[in-house]
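Structural overview for review
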Amino acid sequence: MTTKKEVPTKTDLVQLQKLYKTDERIGERLGGVPAYLVAYWRRKKNVPKYSLPKFSEREIMSLWERFGDDEKCGLELGISKAAFYNWRRRYGIREKPAFLKLEQLEFQFPGLRNAPHAHSLYGEQTITQKIIARTAGKENVNVGTTVKVEPDLVSASVQPLGVMEEFLKIAKGYVWNAGKIVITDAGYSSSNGLPSVGEFIRRQGIKTVYDLREGLCSQVLLERGHVRPGQLIIGTESSVTALGSLGSFAVVCDAAETARIWVDGSIDIQVPATIKVELNGRRARGVYTRDIMAGVVKELEKVDTTGKVIEFSGLSVSQMNVSERFTLSYIAQLVGAKAAICPYNSTVRRYLTGKVTGSTPVQSDKNAVYENSISINISDIRPFLYICGKEIKVKPVAEFEDRQIRQVVLGGCANGRFDDLRVAADILKGNKVHRDCRLFICPASRMVYLEALKKGLIRVFVESGAVVMNPGGEMQLSNDESLLNKALPTLSTTISDMKGKEIYFCSPATAAASAINAAVSDPSRFVRK
């Protein structure tokens, strides 16, 4: 009989379950322990019963027709090559996909690709083109053409009052579709005898409204399930481009353009060219998505990205969680691109389960035409700093090592999610913020704040000597010099909205490590791996 000392830990049970799946086989591995006893241990340690993922025949067939490769199909579903092969066999899918058959025929009949019936198999549309075509009511669109589209979602934030005032200048009636409008940071008073934002919202019947206390716009839209793959999203806040992390096409418009959309529900968009950026390799210790983003910015210095779309791909992107994809998609702001997109995959599907219904994700065609393609091995990327001015200068942290820092801002919309705060808390735990440095923690939303509070991260920050701001407190810091002295050398994980005499942007890990030393510090020495 197994003694009490031989009861496996939770970690052991999870590992055994990965290897042996069922309670019966785990019991056999432990030397003949009954299955009911293994089940009892699982329940006590909150380890759920193993269950095979379930995929429909239609889902398996769709992926097989798209990729024709068990390994790539498996990556989309988050399973192994062998597992996808077994699912194919289960549904009797043994035939090669149509496009593979056609490619083989081309060796014998080289002109076949140009045949009229080959278009559906050899499409050349990118994700961006497909989304624009759908919202324009067309089968496909060409780069450079201007089409009229109806957005799926229109977000007014930062100063919704400005959009409202522009709307009232050109219209006296109701907005085109109150159900497609989201307003955040509501509650501003008005001037010139116009109604307040609150009065306007009630009169127009706009239901999706979030007050300033909920946090920063794009983060709130993401976590509250307003963003779906394949959507065309318009927003007044520059951070809206990060919503491309779920496979949507999200672009920025000013208050006047947004007001015109509120009136007639349409906007003219010139179809942008797309630049493909493929990320592969394994990240080094102390390297995070913010560093990878800086590495991509450095690689794009020689490429004209103005007004283009950056579409990410590669094994490294497929392994990123939604929070990391969100940070990566911020790159559009830094390089002058119109938008950035991380394609829909199994990670996004799992994230959206229970949050949204009725999404229509799209993927680029197998032969999609890109203006430029860049491949980057992230194994070569190290922690970076970058300075935003007329031009973005990306430099390794090692070049700034030991440079004095007096203020650190950690959080914001770019890096203020729970994952980011946890990275910082792991470094700060048991350490103190240097007495010559001030560290501000800015959770991106109220939900992030509450989760950090529940998991003990806020306690770690307070005990280390950090100042924890309210959700979305990044905006307050940017505008209040009594809190943040713009004359002092500063490190920040926000994007370039924050201005100062000497300010450097970095990852949460670099920010936390530097706050401990009051000097720029490589986080790899603090990261446990």
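Let me begin by describing the structure that accompanies this report. Each residue is numbered by its place in its chain's sequence as written, counting from 1. Totals for whole chains, interfaces and linings use all residues, but because this is a predicted model, local features are given only for residues with pLDDT of at least 70 and pairs of side-chain atoms are given and counted only at 80 or more. In computing side-chain properties, one takes all heavy atoms of the structure into account and sets aside hydrogens as well as water.

1. Overview of the nonpolar core
With 58 residues, the main nonpolar core has Leu279, Leu300, Phe312 and Ile331 as its most contacted residues. Core analysis: the next-biggest nonpolar cluster, separate from the first, contains 38 residues, Ala178, Val197, Ile201 and Ile234 among them. Buried Ala, Val, Leu, Ile, Met, Phe, Trp, Tyr and Cys residues that are joined via side-chain atoms within 4.5 Å together make up what is termed a nonpolar core. To sort residues, take the accessible area from a 1.4 Å probe on protein chains only and compare it with the maximum for the residue type: under 20% means buried, over 50% means exposed, and anything in between is partly exposed.

2. Overview of empty space enclosed by the protein
Within this scheme a cavity is a closed region of a 1 Å grid, computed over the protein atoms alone, that accommodates a 1.4 Å probe without allowing it to escape, whereas a pocket is open but has protein on both sides within 12 Å along at least five of seven lines; lining residues each have an atom within 4 Å of a point. Grid points are joined across faces, edges and corners, and a volume is the space filled by probe spheres set on the points. Enumeration over the complete set of coordinates arrives at two cavities of 30 Å³ or more. Roughly 70 Å³ of internal volume is contained in the largest cavity. Lining the largest cavity are 10 residues, and of these Asp185, Leu212, Gly215, Leu216 and Met475 sit closest to its centre. Among the residues forming the lining of the largest cavity, the class breakdown is six nonpolar, two polar and two charged. Polar here means any residue other than Ala, Val, Leu, Ile, Met, Phe, Trp, Tyr, Cys and Pro, which are nonpolar, and Asp, Glu, Lys and Arg, which are charged; Gly is therefore polar.

3. Concerning the side chain of Ser323
Only DSSP runs of H or I reaching four residues or more are called helices, and only runs of E reaching two or more are called strands; each is numbered from the N terminus. Along the polypeptide, Ser323 turns up in helix 15 (residues 322–329). Residue Ser323 is classed as buried on the basis of its relative accessible area of 11%. In this structure, Ser323 is in contact with Arg417, Asp419 and Asp420, ignoring residues within four places of it in sequence. Any two residues whose heavy atoms approach within 4.5 Å are treated as being in contact.

4. Focus on the packing of helix 4 (residues 57–67) against helix 5 (residues 70–77)
Relative orientation of the contacting elements helix 4 and helix 5 amounts to 130°, with a least axis distance of 9 Å. Relative to helix 5, the element helix 4 is oriented oblique. Here helix 4 and helix 5 pass one another in a crossing that is right-handed. Taken together, the residues of helix 5 that come into contact with helix 4 (itself represented by Glu59, Ile60, Leu63, Trp64, Arg66 and Phe67) are Asp70, Lys72, Cys73, Glu76 and Leu77. Each residue belonging to the contact of helix 4 with helix 5 can be placed in one class, and the counts come to six nonpolar, no polar and five charged. With axes taken as lines fitted to C-alpha atoms, and helix axes fitted only over the stretch in contact, angles between N-to-C directions fall between 0 and 180 degrees. Working rule for angles: under 35 degrees goes down as roughly parallel, over 145 as roughly antiparallel, 65 to 115 as roughly perpendicular, anything else as oblique. For any pair of crossing helices, the crossing counts as left-handed if the nearer helix is rotated counterclockwise from the farther one by less than a right angle, and right-handed if it is rotated clockwise.

5. Remarks on the layout of surface pockets
When its volume is computed, the second largest pocket comes out at roughly 590 Å³. Lining the second largest pocket are 30 residues, and of these Arg283, Val287, Tyr288, Glu324 and Val423 sit closest to its centre. Of all the secondary-structure elements, those providing two or more residues to the lining of the second largest pocket are helix 13 (289–299), helix 15 and helix 19 (418–428). The element contributing the most residues to the lining of the second largest pocket is helix 19, with six residues. A breakdown of the residues in the lining of the second largest pocket according to their chemical character gives 10 nonpolar, nine polar and 11 charged.

6. Concerning the sheet that holds strand 8 (residues 274–280)
By this definition, two strands are paired if DSSP reports at least two bridges between them. Across the sheet, four strands lie side by side as 10-9-8-11; this open sheet has parallel pairing. Each edge of the open sheet is held by one strand with a lone partner, namely strand 10 (339–341) and strand 11 (372–377). Sheet twist, expressed as the mean angle between neighbouring strand axes with direction ignored, is 20°. Sheet analysis places strand 8 next to strand 11, joined by six bridges and oriented parallel. Following the sheet pairing, Val277 is matched in strand 11 by Ile374.

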